[in-house]
Amino acid sequence: MDLDAFIARWTAGEGGAERANYQLFLAELCDVLDLPCPDPAEAGRERNDYVFERAVRPRDGDPAAGLKRIDLYKRGCFILEAKQSRLPGHKNAIPGQLSLPVDDPATLGRRSIARGWDVMMQNARRQAENYVFLLDADHPAPPFVIVCDVGHAFELYADFTGTGRAYAQYPDRKGFRIYLEDLRDPAIRALFGTIWREPHSLDPARVSARVTREIAKRLADVSRSLEAVHRPEDVAHFLMRCIFTMFAEDVDLLPRGEFKRLLEDCRAAPDAFAPLLKELWAKMDEKNRDDRFFSAFRTHLRHFNGNLFNDARVFDLGREEIGELLEAARHRWTEVDPAIFGTLLEQALDRDERRKLGAHYTPRAYVQRLVEVTVMEPLRADWQAALARAESAKEERDDKRAVAAVRAFLHKLCTTRVLDPACGTGNFLYVALELMKTLEGEVLETLARLGETESLGLERETVDPHQFLGLELNPRAAAIAELVVWIGYLQQHYRTRTGHPSEPILRAFQTINFGQRAGYDAVLTWDGYPVPTVVERDGKRVDTYPNPRRPDWPEAEFIVGNPPFIGGKDLRSRMRPGYAEALWAAHRHMNESADFVMYWWDRAAELLTRKGTALRRFGFVTTNSISQVFQRRVMERHISVKPPVSLVLAIPDHPWTKATRDSAAVRIAMTVARLAYTMGSL
């Protein structure tokens, strides 16, 4: 059977006989797309790795309990659940059924503007995700969950973390639903082939890592050249502006191709580079549209603002350096992982400063694992509760109440704040934003199915950088963190919404270090901060820290991060003179042998137990000594109160992936806490 015949055959029916049709439909799909066909099922489950009706049973359930069956399962690849839409008014229709996405048979298998509320597809997705935890213990969570509306469409959801708890629209809200007509596109057919054969190769993080490494190498060459004659701090800010300009061109915030053309022209005439770039950035910062006409691009520019291009400094570059920027600009910046900025910062820090600060950068996999449990797990639980309320309202034909339930969750999501009190270059904040924007995409899709479009005021309520707060001692890292969050936001905006964000594109939300340009110490402040008071003692000038105390932290619903790794016994030697004594004076309840990271843990736990707190959970990466006696004393003070701080997740010992060759070889722990009596996972 050829593709045209397959599409015609399956879009001609009325639907409704899911059990009778889905195996034939999927078998013919495999044949048409040249995919391997499912194997015959065997009596035992051991070798049923690619079969229809794959049996599963709860791992801790009653052996006599009835088996559940996955419609189509391919080990290490996907779980597929099939549901077949019934057309209202036809013989297979369910009496009193709700409106489905394919009320008009003419749209069966085709992409259309109309998207109806389809509770069967939602239930199928929920069922497939539940099956992940019923698989045999030696079967990993598959990277894909596929929901199939027989004869009409497929919906793709992916989770590359291996936890099975974070399935989200793949690749994004705009592309996760594939109609039968879409199979005419060779790229779509290739996608199915990859899901069947090499699904992990579709992990966006793999593409991002490759592209990021390639770009980072080129930018590092420019950075090293400039740092020979300019301050590293100024070079970092210059490269940040270059990076954002490249990204803005890639998403059409600047005219497509024009910045690359400017770089090409300047490579031939390097003296033009600094004047042209200075004028471009000045125009991007202008408030009035009449002042934003850039003659080199022959158009008016959008208003960017946000302080990034305010009094922007530009350096003269030679042909070679301009060429490196041009090659970097030719990459697809929508695929770049903003953690590139962390890489740039690490290259700017010298070894002495790194040792002094305990600076290190958390691998992406560790970041996401901690953010998933700390932030996303409770938010997804809230979302499932909102969906249940909406489904109940739809069953009672109360569309207004269904919309209100979903919009109430959207408002909650768009006002949820995440704080990283040791944010570095913003990796945790970026990953939290990315995951929350992905969840926002699901919420918007649900509202679209309920008849609510973005033109009905939804564009004014969105997850954006004002929700992601950071504290950071290194001012360069703080500046980079702010830009990381903005680029992360814009990347996700174009994956979940239509059109450009409103102007100004960038805004000065003052979310990092309360908007201060200086660094911010998250665990110690004093009168005259950040400069110690110099006094003379025994004929020597020494630094003192008058009135040492704990500094303020911004209010947030979630706290997550990776504070500096400095052992309690090393505080005096690793910090500047007098700092350790001032730290202990400001935290008199802490034992002096506690590791530095535990000052963050203690403060977060105190905020969690404070009356009327907004904080719901906190999670930190710490040294694995957290299970030892001096660190346990810090935790026990909060675990023994009523209600207690309970550990939702505890990973006592995990290898650390070194960020650089000269990084310290350490092992880490992870803990996530909430306020309640609860059973956690170890």
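For the structure, check the block above.
Not measured: the values here are computed from a predicted model.

Enquirer: Whenever I open this one, the packing of helix H12 (residues 364-395) against helix H14 (residues 427-449) confuses me. Can you help?
Expert: For any two helices packed against each other, the geometry comes down to the angle between their axes and how far apart the axes lie. Put simply, H12 and H14 touch, their axes get as near as 9 Å, and they point 25 degrees apart. Between H12 and H14, the interaxial angle falls into the category roughly parallel. Crossing of H12 over H14 shows right-handed handedness. For the pair H12 and H14, contact is made by Arg364, Val367, Gln368, Leu370, Val371, Glu372, Val375, Met376, Leu379, Trp383 and Leu387 and by Asn427, Phe428, Tyr430, Val431, Ala432, Glu434, Leu435, Met436, Leu439, Glu442, Val443 and Thr446, respectively. Class assignment of the residues belonging to the contact of H12 with H14 gives a composition of 16 nonpolar, three polar and four charged.

Enquirer: I tried to follow the nonpolar core on my own but got confused; where do I start?
Expert: Most often, soluble globular proteins have nonpolar side chains that are buried together. Ranked by internal contacts, the top residues of the largest apolar core, which has 109 residues, are Phe238, Phe244, Phe273, Trp281, Leu325 and Val371. Broken down by element, this core gets its largest block of residues, 13 residues, from H12. Discounting chain neighbours no more than four positions away, the residues touching Phe238 are Leu226, Phe273, Leu277, Trp281, Arg313, Val314, Phe315 and Leu317. Judged by nonpolar contacts, the second largest core, of 43 residues, contains Leu469, Met598, Leu615 and Ala673.

Enquirer: Explain the pattern of salt bridges here, please?
Expert: Oppositely charged side chains can pair when the atoms bearing their charge come close. Across all of its chains, the model carries 47 salt bridges by this definition. For Arg75, the salt bridge goes to Asp138, with nearest N and O atoms at 3.9 Å. Residue Arg75 is located in the loop between strand S2 (68-74) and strand S3 (78-83), and its partner Asp138 is located in the loop between helix H3 (119-131) and strand S4 (144-149); the two are separated by 63 residues in the primary sequence. What makes Arg75 partly exposed here is its relative accessible area of 31%. Residues Arg572 and Glu581 are paired through a salt bridge, measuring 2.7 Å at the closest nitrogen-oxygen approach. Residue class for Arg572 comes out exposed when judged on its relative accessible area of 53%. Glu581 sits in the partly exposed class, given a relative accessible area of 34%.

Enquirer: What's the story with unusual backbone geometry in this structure? I'm lost.
Expert: Of all residues except glycine, most have a negative phi; of all peptide bonds, most are trans. Residue Pro530 is bonded to the preceding Tyr529 through a cis peptide linkage, with omega at 10 degrees. Within the secondary structure, Pro530 is located in the loop between helix H15 (475-496) and strand S12 (533-537). Look at the link from Lys642 to Pro643: it is a cis peptide, with omega at -10 degrees. On the secondary structure map, Pro643 appears in the loop between helix H19 (629-639) and strand S16 (645-655). The phi angle at Arg298 is positive, at roughly 60 degrees, despite the residue not being glycine. Here Arg298 is to be found in the loop between strand S8 (293-294) and strand S9 (299-300). Here Arg298 falls in the exposed class, since its relative accessible area comes to 53%. Its identity as a non-glycine residue notwithstanding, Asn547 has a phi of 50 degrees, on the positive side. With respect to the helices and strands, Asn547 occurs in the loop between strand S13 (540-544) and strand S14 (558-561). In this structure Asn547 comes out as partly exposed when scored by relative accessible area, which is 45%.

Enquirer: Please explain the pairing of S13 as it appears in this structure.
Expert: On a regular strand, one side chain projects to one face of the sheet and the next to the other, so that they alternate. Here five bridges tie S12 to S13, and the two strands are oriented antiparallel to one another. Its bridge partner lying in S13, Arg537 is registered against Lys540. Once S12 ends, the chain turns through two residues before running back antiparallel as S13, passing Asp538 with a positive phi of about 55 degrees.

Enquirer: Just checking my understanding: could you explain H15 for this structure?
Expert: For an α-helix the count is 3.6 residues per turn, leaving residues at separations of three or four pointing the same way. Compared with the 32 Å implied by 1.5 Å per residue over 22 residues, the 32 Å span of H15 between its first and last C-alpha is a close match. Where burial is concerned, most of H15 is hidden: 19 out of the 22 residues are buried. One side-chain oxygen at the N-terminal end of H15 lies 2.9 Å from the backbone nitrogen of Arg476; it belongs to Asn474.

Reading the values: rules and limits
- Numbering of residues starts from 1 in every chain and runs along the sequence as written.
- For a predicted model such as this one, the threshold for reporting local features is a pLDDT of at least 70, and the threshold for listing and counting side-chain atom pairs is 80 or more; totals across whole chains, interfaces and linings nevertheless cover every residue.
- For the side-chain quantities, the full set of heavy atoms in the structure was used; hydrogens and water were omitted.
- A fitted line through C-alpha atoms represents every axis, and for helices the fit uses only the stretch in contact; the resulting angles, taken between N-to-C directions, go from 0 to 180 degrees.
- Secondary structure counts use DSSP, requiring at least four H or I residues in a row for a helix and at least two E residues in a row for a strand, with both numbered from the N terminus.
- To sort the angles, those under 35 degrees are grouped as roughly parallel, those over 145 as roughly antiparallel, those from 65 to 115 as roughly perpendicular, and the leftovers as oblique.
- For any pair of crossing helices, the crossing counts as left-handed if the nearer helix is rotated counterclockwise from the farther one by less than a right angle, and right-handed if it is rotated clockwise.
- In what follows, residue pairs with any heavy atoms lying within 4.5 Å of each other are defined as contacts.
- Lys, Arg, Asp and Glu make up the charged group, whereas Ala, Val, Leu, Ile, Met, Phe, Trp, Tyr, Cys and Pro make up the nonpolar group; the residues left over, Gly among them, are polar.
- Residues grouped as a nonpolar core are buried Ala, Val, Leu, Ile, Met, Phe, Trp, Tyr and Cys residues, joined through side-chain atoms within 4.5 Å.
- When accessible area is computed with a 1.4 Å probe and restricted to protein chains, residues below 20% of their type maximum are described as buried, those above 50% as exposed, and intermediate ones as partly exposed.
- Note on definitions: salt bridges are taken to be side-chain nitrogens of Lys or Arg within 4 Å of carboxyl oxygens of Asp or Glu.
- Two strands are counted as paired when DSSP detects at least two bridges linking them.
- Each helix should span, by expectation, one fewer than its residue count multiplied by 1.5 Å.
- Pairs of N or O atoms are called polar contacts if they sit within 3.5 Å, as long as, within protein, a hydrogen donor faces a hydrogen acceptor (for residues adjacent in sequence, only side-chain-to-side-chain pairs).

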